[in-house]
Structure formats: structure tokens, C-alpha cells
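Coordinates in review
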Amino acid sequence: MSTIIKAINVSKVYHKTTIPVHAVNQLSLSIEEGEFTAIVGPSGCGKTTLLNILGGLDQPTEGRVEVDGTDISIMKDSELIDFRLRNIGFVFQAYNLIPVLTALENVEFIMLLQKRGKKERHDRAMELLERMDIADKANSKPSQLSGGQQQRVAVARALASKPRFILADEPTANLDSSSTNNLLDLMAKMNEEQKATFIFSTHDQRVMDKARRIVTLEDGTIVSDVKR
Amino acid sequence: MIAIIAWRNVWRNKGRSLVVIGAMIIGIWAMAFGGGFMQSFLTSYIESSIRHETSNGQVHHPKFTEDYDIQFSIEDYPSILTFLQQTESVESVTTRSLVNGMISSSRQATGVKIIGVNPKEEALVTELNTLISDGAYFEGISSNPVLIGNKLAEKLKVNVKSKVVLTFQDIDGNITAGRFRVAGILKASSLAISESSAYVLKSDMNRLLNIGDNVHEIAFTTISGTDDEALANTLQAKFPNDKVESWKEISPALVFMEQWMAATLKILIIIIMSALAFGIINTMLMAVLERIRELGMLMALGMKRVKVFLMIMLETIYLATVGGPVGLLIGYATIAYLGKTGIDLTDYSKGLEAIGYDSILYPMLQPMDYMQIVIGVITTAFLASIYPAWKAIKLKPIDALHTI
């Protein structure tokens with residue numbers, strides 16, 4: 001398996017001019033293609049900051065992040081937007097679907113931004129919704145869906161762009177047990193069937209149980225990295 | 001799909017969108033109606049002035065208008081008269097003798113412009129006969145009839161059939177006077193007619209002035225749509241020894257008024273557009289601020305800033321596209337209706353007539369005016385959307401995503 005992400009001596013310091021907070025401190029990490037990785041740790045340990053840096057949403061104060069050998073830490077804002085569109089899928093804690101679009105349109109939207117053809121968009125969106133077991137809600141708006149259903153649509157959206165990897169920031173935090181198990185099973189299936197690379201930040205034990213690699217953070221540094 | 005998202009976003013908060021669309025409708029209606037109303041004021045005043053005072057054009061001896069010296073009669077006036085009568089765009093023509101003099105009754109005396117007219121021709125050109133409020137149009141008096149304005153009659157304390165004496169200098173500089181009898185009282189919104197003019201028969205006037213058949217003034221009206229300035233220029237070129245002027249040259253005050261009204265209308269439009277712009281900015285800013293997380297998410301997923309900008313602008317333009325035509329339609333319907341029935345301002349007629357306006361006004365707007373309103377609204381909506389859209393693209397996805 002090839003290395004997709006390489007974080008090298010990455011640090012992120014907030015409030016540099018007042019009291020500095022080292023959210024991520026001299027952290028190095030490699031993610032291989034097809035991994036199903038959970039980044040865990042107590043609140044404030046730097047999980048979300050690390051995910052934001054890996055996803056090109058935030059720039060490290062020091063160090064660099066390479067995705068398929070390309071240093072994204074030095075990219076301009078406009079380049080990063082395009083890079084994210086082509087390479088990264090996002091699943092947010094609060095689902096963040098576009099409220100005025102249906103489930104199908106939400107999944108199609110990302111492919112539209114990639115300028116894919118209408119038929120391809122529709123077929124892939126439907127296929128993903130079917131795989132995520134939510135095709136019957138294709139024409140429902142997010143407000144008509146439960147939290148679990150919305151998150152399944154969000155995962156389908158993240159997969160739709162055929163990204164190199166998917167970053168999921170506490171994807172189960174707002175879900176009940178049944179929805180969480182259901183979502184995790186579906187994501188694990190996607191990981192196995194489509195070789196989709198997932199990186200979660202979580203402190204949900206159920207996610208950790210499913211993960212095949214657990215990276216534990218404390219005070220912005222990796223204290224353990226276990227592959228199963 | 002951005003267009004679809006923008007359209008659906010407009011209707012996410014129906015109440016708010018409808019309020020801003022309502023504001024647009026009222027704003028556009030107010031602009032159309034205000035413009036039409038002011039236009040009717042202006043047209044009423046100008047038309048009344050042209051009809052009863054200046055006519056569309058006049059011809060004089062070049063030196064006559066300097067100090068109304070009666071020696072300067074129009075040269076070869078029969079040729080000019082014939083030419084005008086044969087010109088298709090000329091509706092009617094009349095000739096006049098003019099002199100400044102005094103009018104006195106047994107109670108009062110005052111300065112007055114004495115105008116010698118041919119009643120039939122004058123009625124066609126200035127519709128002077130329609131202004132009679134008391135007495136008759138040069139009838140009912142066997143010799144030396146005179147028509148005076150109602151304000152002048154009040155000042156002189158005279159009525160129909162009262163005697164007045166007109167005094168002025170004849171062609172030789174001798175003071176001459178004629179005893180006239182009031183045949184009719186004129187009521188006009190024009191102060192020149194109601195306060196300071198006396199109309200007599202040209203034959204009586206010329207006899208007293210001792211100027212034979214000469215005339216000092218030719219006045220003509222034209223059919224609607226005639227370029228009065230061009231006609232005056234043609235006439236001037238043909239008769240270079242006399243001075244031909246269109247109503248714009250005769251009465252620069254009317255031109256000033258036209259320009260002043262246009263400027264006032266522009267100010268009114270700017271005020272309404274500004275209010276509209278702030279309404280739009282407020283609404284769209286609210287729409288952006290309450291969607292910070294969503295906009296951040298869109299940019300995080302890979303939506304380019306230019307597309308986010310376009311989406312916010314489209315939302316604004318959609319608001320204008322809904323509100324604009326409705327406002328314009330209501331404005332058009334209001335003007336079309338009131339343009340036929342007129343707005344009756346009889347309650348204020350005394351005040352209006354005192355400053356030269358008719359008491360019934362007929363609002364009107366030209367197609368170009370509607371076009372200007374449409375362009376104004378689109379431009380306003382476009383400009384007003386820039387700030388909220390700019391605010392949206394200034395968001396950093398990471399900060400926006402963490403906004404609660």
C-alpha cells in the first residue's frame with residue numbers, strides 16, 4: 001500500500017502574540033491508502049486541529065503535510081480549494097448538508113463542482129445512496145431526515161468526489177447507538193469494497209472498536225499508534 | 001445548480017424575502033408614480049404656458065424684444081404668415097400688435113401689456129376664448145372691447161362692462177389714450193394673463209398706435225411631436241431679417257423648470273434607490289450571517305469563492321427580478337389609470353393656480369422613464385449585493401465551520 005498522507009514535524013500554535021497554545025506539537029504521521037484510522041484522545045488534545053491541517057483547511061505553523069508527495073502546506077487558498085475538491089472528502093459532526101437541496105442533489109453537488117456530466121452525477125449519486133442504504137430518501141430534504149440518515153448522505157457526498165481520503169470529524173457525536181453502528185458498518189463496508197481511506201477524529205469507543213488503526217494524541221503529540 | 005440553490009435560498013426565509021420584495025415593489029411604484037406625478041406637473045405648466053402665453057414659436061423684429069419699441073414692426077409679415085400657413089407642422093398662426101402702457105379705472109391705475117389681437121386667430125392659437133370666466137369673448141360691447149385678467153380686474157375694482165382707459169405712446173411718441181369697456185374677464189393659471197395683460201382688437205390698437213396694418217408679433221402653434229427648435233431654425237434661415245424663436249428661447253424659465261424637475265426627479269430616485277439598497281444589504285447580510293457555517297462548508301468542500309460570490313449575488317438579483325416587474329406593473333397601472341381620470345387637486349386649486357398650475361393633473365411616464373427605473377433597480381440590486389457577497393467570500397472555511 002502506498003502512503004497517501006505524510007505529516008512531517010507539524011506544529012500548530014494559536015495566539016502566538018499572547019499566550020501560545022500548542023494545539024499540535026512536532027507531530028509526524030503517515031497514512032497509507034485504504035486505512036481505517038481513528039485519531040483519539042481527550043478533548044483539547046488537538047484531534048480536530050490535526051484533521052483540519054491534514055484536510056488543507058488550516059495551515060501548520062511549522063512543518064509540512066504532503067498528500068501523494070505534494071506539499072499542501074505552501075499552497076495558496078485558491079489552490080487548496082481546488083485540491084480539496086479533487087482529493088479530500090469531508091464528513092462533519094453536524095452533517096452540514098445543503099438544506100435547500102435533496103439528498104440526491106447534495107450528493108450530486110460535489111460532482112457538479114468537479115464538472116462531471118449530468119448522467120454520471122446522477123448514476124453515481126444514486127449508487128452511493130443505495131450503498132449507504134438511503135436511496136429511498138433520495139428526494140427528501142435534510143430537514144426531513146433523521147440525524148443518522150443525514151450523516152449517511154454526508155458520507156455518500158464525501159465518497160462521491162472519488163477522493164484520495166475521507167476526513168470525518170467526530171461523525172457519530174450527534175447520533176444514537178443504532179445510527180452509529182449502522183453508519184460505522186456502512187463506512188467499514190465502503191472501506192473494504194472501495195478501498196476508501198477513512199480518518200476519523202473521535203472519542204466514541206464504538207468507532208475505536210471498528211478502527212484498524214488507532215492514533216492517540218495528548219497535548220498535540222502522538223502518545224500511541226496501534227495497528228490492528 | 002448554483003442558480004437553483006440561490007433560488008431556493010431566497011425562499012428559505014419566506015417572510016424576510018417577501019418583506020424585501022414588498023419594499024422593492026413599493027419603492028418602484030413610488031418612483032414610477034412620483035416620476036409620473038412630477039412629469040404631469042411639469043407638462044401641465046409647460047403646456048399651459050405654451051398654449052396661453054408663448055405659443056410654440058414667435059417672430060419679431062430683431063430689435064423689438066429689446067425694449068418693446070413699437071417702431072420695430074415685423075418686416076414683410078405677410079410672407080412669413082403665408083409660409084407658416086403652408087407649413088404642415090404648423091397648426092395655427094396669429095398676428096399681434098403690442099405695447100406697454102397704463103390701464104386705469106375710476107379707482108386704480110397700473111402698468112399693463114396691451115395686446116392687439118385678431119379674436120378668431122387668437123382663439124385658435126392661445127384658446128384665449130376658453131379662459132373667459134365672466135362676460136364674453138370680444139362680444140356684447142359695440143366698440144373698443146377689452147379683455148382683462150381676473151386679478152387685474154380685482155386690482156382695478158372693475159367688472160364686465162366697466163370702463164377703463166388705456167394710455168400709451170403712439171408711433172410718433174405722442175401719449176395717446178383710448179376708452180375701452182371690459183367685455184370679458186379671463187381666468188388663467190398664468191400670472192401674465194391674469195395680472196398684467198389687456199387684450200384689445202388689433203384694429204383698435206393699430207388705429208391708436210397709428211401703425212396701419214403692421215404687426216409686432218407672429219405666434220404659431222405646431223402639431224404634437226414637432227421639433228419646434230428645428231422649425232424655428234428653418235424659419236429663421238428663410239427670413240433672416242426677423243427674429244424667430246421657439247418657446248425654449250422665448251421662455252428660458254420653462255427650460256430651467258424642465259431641467260429643475262428632471263434634477264428633482266433624479267434626487268427622488270436616488271433617495272428611493274438608496275433606501276432600497278440599504279434594505280437589500282440588510283436582508284442579504286442577515287442571510288449571509290445566519291449561513292456562515294453553511295458557506296464555510298461549501299468552501300471546505302471545494303466550492304470556489306467566485307461561485308459563492310455569484311450565488312449571493314444571484315439571490316439578490318432574484319429578489320429584484322420578482323419585486324421589480326410587479327412594482328413596475330403596479331406603477332404602470334396606476335399611471336395609466338390616473339393618466340385617464342386625472343388627479344383632482346381642486347382642494348388646493350387656489351394655491352396651485354396662484355403659481356401657474358392646473359388643478360387636475362394627469363400623471364404620465366415615457367417608455368424611456370420606465371426603462372430608466374428598470375435599469376436603476378437592477379443596478380441598485382447589483383451594487384447592494386456586492387457587500388454581502390464580499391462578506392461571504394471573506395469567510396475562512398475553518399472559522400466558518402466552527403461558528404455555532
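Presented here is an overview of the structure given in this document. (Residues numbered from 1 in each chain as written. Chains lettered and ligands numbered in written order. Predicted model: local features only at pLDDT ≥ 70, side-chain atom pairs only at ≥ 80, totals over all residues. Heavy atoms only, no water.)

Right, let's get into the overall build of chain A. Helix and strand content of chain A: seven helices and ten strands. Whereas a compact globule of 228 residues would reach a radius of gyration of roughly 17 Å, chain A reaches 17 Å, a difference of no more than 12%. Dimensions of chain A, computed from C-alpha atoms along their principal axes, come out at roughly 50 × 40 × 40 Å. Here chain A holds 228 residues, and 58% of them are scored as buried. Look at the contacts in chain A between residues 6 or more apart in sequence, and 70% of them connect residues 24 or more apart. (Helix = DSSP H or I, 4+ residues; strand = E, 2+ residues; numbered from the N terminus. Rg over C-alpha atoms; globule rule 2.2 N^0.38 Å. Buried < 20%, exposed > 50% of the residue type's maximum accessible area, 1.4 Å probe, protein only. Contact = heavy atoms within 4.5 Å.)

Quick look at the sheet that holds strand β7 (residues 165–169) of chain A now. Hydrogen bonding along the main chain pairs the strands of a sheet, whether they run parallel or antiparallel. Residue and element names in this part refer to chain A. The strand order across the open sheet built from six strands is β6-β7-β8-β3-β9-β10, with neighbouring strands paired in mixed fashion. The open sheet has two edge strands with one neighbour each: β6 (88–91) and β10 (221–227). Looking at each pair of strands side by side, their axes are set apart by 20 degrees on average, direction ignored. One ladder, built from six bridges, connects strand β9 (residues 213–218) with β10; its direction is antiparallel. Within β10, the residue paired with glutamate 218 across the bridge is threonine 221. Contacting β6 and β7, helix α2 (residues 77–87) crosses the sheet at an angle of about 85 degrees to β6. In the packing of helix α5 (residues 147–160) onto the sheet, contacts are made with β6, β7 and β8 (198–202), and the angle to β6 comes to roughly 170 degrees. (Pairing = 2+ DSSP bridges. Axes fitted to C-alpha atoms, helices over the stretch in contact; angles between N-to-C directions.)

Residues and elements named next belong to chain A. Of the strand pairs in this sheet, strand β1 (residues 3–14) and strand β2 (residues 21–32) are connected by eight bridges, and their pairing is antiparallel. Of the residues in β2, the one forming a bridge with isoleucine 5 is isoleucine 31. As judged from the five bridges shared by β1 and strand β4 (residues 62–67), these two strands associate in the antiparallel manner. Within β4, the position partnered with alanine 7 by the bridge is valine 65.

Attention shifts here to the packing of helix α4 (residues 118–131) of chain A against helix α6 (residues 177–194) of chain A. All names here are of chain A. Put simply, α4 and α6 touch, their axes get as near as 10 Å, and they point 125 degrees apart. Between α4 and α6, the angle is such that the two are oblique. Contacts from Arg124, Glu127 and Arg131 in α4 reach Leu186, Lys189, Met190, Glu193 and Gln194 in α6. Its residues assigned to classes, the contact of α4 with α6 shows two nonpolar, one polar and five charged. (Parallel < 35°, antiparallel > 145°, perpendicular 65-115°, else oblique. Nonpolar A, V, L, I, M, F, W, Y, C, P; charged D, E, K, R; others polar.)

A few words on the sheet that holds β2 of chain A. All names here are of chain A. Taken in spatial order, the four strands line up as β2-β1-β4-β5 in an open sheet, and their pairing is antiparallel. The open sheet is flanked by β2 and β5 (70–71), the only strands paired with a single partner. The sheet contacts of helix α1 (residues 47–54) involve β1, β2 and β4, and relative to β1 the element is tilted by about 125 degrees.

Here we take up the interface of chain B and chain A. Between chain B and chain A, the residue contacts involve 21 residues of the former and 28 residues of the latter. Taken over both partners, the interface formed by chain B and chain A buries close to 2,200 Å², and the fraction arising from carbon and sulfur atoms is 68%. For chain B, the biggest contributors to the area lost against chain A are Met1, Arg8 and Leu301 of chain B; these three give 30% of the whole. Applying the counting criterion to the chain B and chain A interface returns three salt bridges. (Buried area = accessible area lost by both parts, 1.4 Å probe. Salt bridge = Lys/Arg side-chain N within 4 Å of Asp/Glu carboxyl O.)

Moving on, we come to the side chain of threonine 49 of chain A. Residues and elements named next belong to chain A. Among the structural elements, threonine 49 can be located in helix α1. With relative accessibility at 12%, the residue threonine 49 sits in the buried group. Ignoring any residue separated from it by four or fewer positions in sequence, one finds threonine 49 in contact with Lys12, Tyr14, Ala23 and Val24.

In a soluble, globular protein the nonpolar side chains are often hidden away together inside. Of all hydrophobic cores here, the largest spans 119 residues; its most connected members are Phe198 of chain A together with Leu295 and Met311 of chain B. Broken down by element, the residue count for this core peaks at nine residues, all from helix α13 (residues 305–341) of chain B. Leave out the neighbours within four places in its chain, and phenylalanine 198 of chain A touches Glu35, Phe36, Thr37, Leu159, Ile166, Met187, Met190 and Asn191 of chain A. Residues Ile114, Val158, Val164 and Leu208 of chain B belong to the second largest nonpolar core, which totals 23 residues. (Core = buried A, V, L, I, M, F, W, Y, C linked by side-chain atoms within 4.5 Å.)

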